[in-house]
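If you want the building blocks of each chain, they are given just below.
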Amino acid sequence: MIVLGIETSCDETAAAVVSSDGVIIAETVLSQLEQHRPFGGVVPEIAARAHLEYADAVVHKTMEKAGLDFHELDAVAATAGPGLIGGVIIGIMTAKAIAASSNLPFLAINHMEGHALSARLKKNDKVKFPYLLLLISGGHCQLQIVEGCGNYKRLGTTTDDALGEAYDKIAKMLGIGYPGGPAVEAAAKKGDASRFNLPRPMKGRIGCDFSFSGLKTAVRQIALDLPEGPLLKTDIADLCAGFQMAAGDVLADRINHALDIFISEHPTSNSLVLAGGVASNQFIRKRIQILADERSIELITPPNSLCTDNGAMIAWAAIERIHDVGIDKARDNLNFKPRPRWPLDPIAPKAAFAGIKA
Ligand code: KG4
Ligand code: ZN
């Protein structure tokens, strides 16, 4: 089975052709970094216009690299949410047009599901269900038990900023460029993480939720309180290193709690999977590896190209669904509406409507 996946939910216009045996036949990722850089963050209107301008070319280039025509595909999939609505509309309309004109099944994919299953996109030795997932991206920071494709149980989420968002905002306030994650990681390499006393929000609290806005504000306050004049390179490096250390400590604490729950529910499982853009951060990976070693847990991290947004994870999520339920049940209607908000684990109707009279 061969599936085309299209991803346009944030600032990458991406497409990939993936086969059901876990091979990425061709892929293209067109980043919009240059367009957003002057603003220090993603500007939704600029993102939507760029997706509109380049989506067709990205898809065509990918098909050309794969050496395939649309009619040789088995399905076409696109991110249908959550994400910036302008980009999501363009991605799913492109996929629907290909599906309609080439008589192919269309699959609407939850972007977080793409991240959640990305570690299984490989030819051999696929990570087995169930596993504990830490999804750390620009839009999300969640701990989920992944029991299977389409079967997720959320243990924790952020009560304010996502971790990637905190990285981006700190980079902006320190004036070290965009995208913030790689800039903070690079600056932190020469920094002294112990120079500033930064908080570890949520550390030690019951549960598995996160909060990063207090940490971000603490970094800002320290930067403002430093002697007047432009920040020195060493100040920036020390602040970045301190921030990463604090964020890593918080992640480790929250994962520790989540592992207790995961292992009590699944005593024979021991896999922890990282996903999302921040999972490509080497410092964060190493910090979590220490915890995994302490707890004899296997840590699985996809390659960097699968951590940040890409079309291959969208095609793969479609392949997983088709594999599980067959194409007739897996395919979505061409009138599927984009979903700017779309939880991975919809709250059980009973809980959601508790107390509301019919
Ligand atoms: O998964 P992703 O590409 O898009 C979303 O779904 O949000 O994640 C993008 C986020 C951005 O906030 C970016 O700054 C962050 O991932 N990121 C990093 C690194 N590379 C990307 N954060 C920390 N360290 C990195 N090396
Ligand atoms: Zn993402």
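Please refer to the structure higher up on the page.
Everything numeric here is computed off the predicted structure, so don't read it as measured data.

Participant: Please explain the layout of surface pockets as it appears in this structure.
Facilitator: Estimated volume of the largest pocket: approximately 1400 Å³. Contributions of two or more residues to the lining of the largest pocket are made by α4 (111-117), α5 (163-174) and α6 (180-188). Among the elements that take part in the lining of the largest pocket, α5 stands out by supplying 6 residues, more than any other. Its residues assigned to classes, the lining of the largest pocket comprises 15 nonpolar, 19 polar and 12 charged. Forming the walls of the second largest pocket are 13 residues, and the residues nearest its centre are Asn110, Glu113, Gly150, Arg321 and Trp342. Per-class residue counts for the lining of the second largest pocket are 8 nonpolar, 2 polar and 3 charged.

Participant: Help me understand the site of ligand 1, please; the structure alone is not making it clear to me.
Facilitator: Around ligand 1 sit 19 residues, and of these Gly138, Asp168, Glu185, Asn281 and Asp309 come closest. In the model, an oxygen atom of ligand 1 is placed 3.0 Å from a nitrogen or oxygen of the glycine 277 main chain. Taking 550 Å² as the accessible area of ligand 1 by itself, protein coverage stands at 89%. At a threshold of 2 Å from the grid points, most atoms of ligand 1 map onto the largest pocket. Of all elements in the fold, only α4, α5 and α6 reach the threshold of two or more residues within the shell around ligand 1. For the shell around ligand 1, a count of residues per class yields 4 nonpolar, 12 polar and 3 charged.

Participant: Sorry, what's going on with the state of the cysteines here?
Facilitator: Considering all chains together, one arrives at 0 disulfides under this definition. Here cysteine 208 stays unpaired: no disulfide links it, and the sulfur of cysteine 141, its closest cysteine neighbor, is 11 Å away. For cysteine 240, which is in no disulfide, the shortest distance to another cysteine sulfur is to cysteine 141 and amounts to 18 Å.

Participant: Even after reading the chapter, I still don't get unusual backbone geometry, so can you show me in this structure?
Facilitator: What is expected of a backbone is that most residues other than glycine have negative phi and most peptide bonds are trans. The omega torsion across glycine 81 and proline 82 is -15°, close enough to zero to call that bond cis. Looking at the element boundaries, proline 82 is found in the loop between β4 (75-81) and α3 (85-102). Phi at asparagine 103 takes a positive value of approximately 55°, unusual for a residue other than glycine. Following the sequence through the fold, asparagine 103 ends up in the loop between α3 and β5 (106-110). Unusually for a residue other than glycine, serine 296 sits at a positive phi of about 55°. Positionally, serine 296 belongs in the loop between α9 (282-294) and β10 (298-300).

Participant: Sorry if this is basic, but what is going on with the pattern of salt bridges here?
Facilitator: A side chain with one charge can pair with a side chain of the opposite charge if their charged atoms come near. The tally for this structure, following the rule as stated, stands at 15 salt bridges. Note that aspartate 161 and lysine 216 form a salt bridge whose closest N and O atoms lie 2.7 Å from each other. With aspartate 161 in the loop between β8 (151-157) and α5 and lysine 216 in helix α7 (residues 213-225), the pair connects residues that are 55 residues apart, well separated along the chain. Lysine 216 shares its class with aspartate 161; the two are buried. Notably, a salt bridge pairs aspartate 332 with arginine 321, separated by 3.0 Å at the nearest N-O pair. A residue pair is termed long-range when its members are at least 10 positions apart, and aspartate 332 in the loop between α12 (327-330) and α13 (349-352) and arginine 321 in helix α11 (residues 312-325) qualify at 11 residues. Each member of the pair, aspartate 332 as well as arginine 321, is classed as buried. A single salt-bridge network, built from bridges that share partners, covers Asp161, Glu165, Lys169 and Lys216.

Here is what the cut-offs are and how they apply
Here the residue numbers are simple positions, counted from 1 along each chain's written sequence. Naming scheme: in the order in which they are written, chains are lettered from A and ligands are numbered from 1. Selection of residues for local features in this predicted model requires a pLDDT of at least 70, selection of side-chain atom pairs for listing and counting requires 80 or more, and totals for whole chains, interfaces and linings are taken over all residues. Remark: hydrogens and water are excluded; side-chain values derive from all non-hydrogen atoms of the structure. Two kinds of site are reported from a 1 Å grid over the protein atoms alone, namely cavities, where a 1.4 Å probe fits but cannot get out, and pockets, open sets with protein on both sides within 12 Å along at least five of seven lines, and residues are called lining when an atom falls within 4 Å of a point. Grid points are joined across faces, edges and corners, and a volume is the space filled by probe spheres set on the points. Under the scheme used here, helices are H or I runs from DSSP no shorter than 4 residues and strands are E runs no shorter than 2 residues, and both carry numbers assigned from the N terminus. Gly is placed with the polar residues, together with every amino acid not listed as nonpolar (Ala, Val, Leu, Ile, Met, Phe, Trp, Tyr, Cys and Pro) or charged (Asp, Glu, Lys and Arg). One heavy atom within 4 Å of a molecule or strand is enough for the residue carrying it to be called near that molecule or strand. Polar contacts here mean pairs of N or O atoms no more than 3.5 Å apart (in protein, one a potential hydrogen donor and the other a potential acceptor; neighbouring residues in sequence count only if both atoms are side-chain atoms). Here the Shrake-Rupley method, with its probe set to 1.4 Å, supplies the accessible areas, and only the displayed protein chains count as covering residues. In this scheme, a molecule is assigned to a cavity or pocket if more than half of its atoms are within 2 Å of the grid points. The definition used for a disulfide is geometric: two cysteine sulfur atoms within 2.5 Å. One side-chain nitrogen of Lys or Arg within 4 Å of one carboxyl oxygen of Asp or Glu is enough to make a salt bridge. When accessible area is computed with a 1.4 Å probe and restricted to protein chains, residues below 20% of their type maximum are described as buried, those above 50% as exposed, and intermediate ones as partly exposed.

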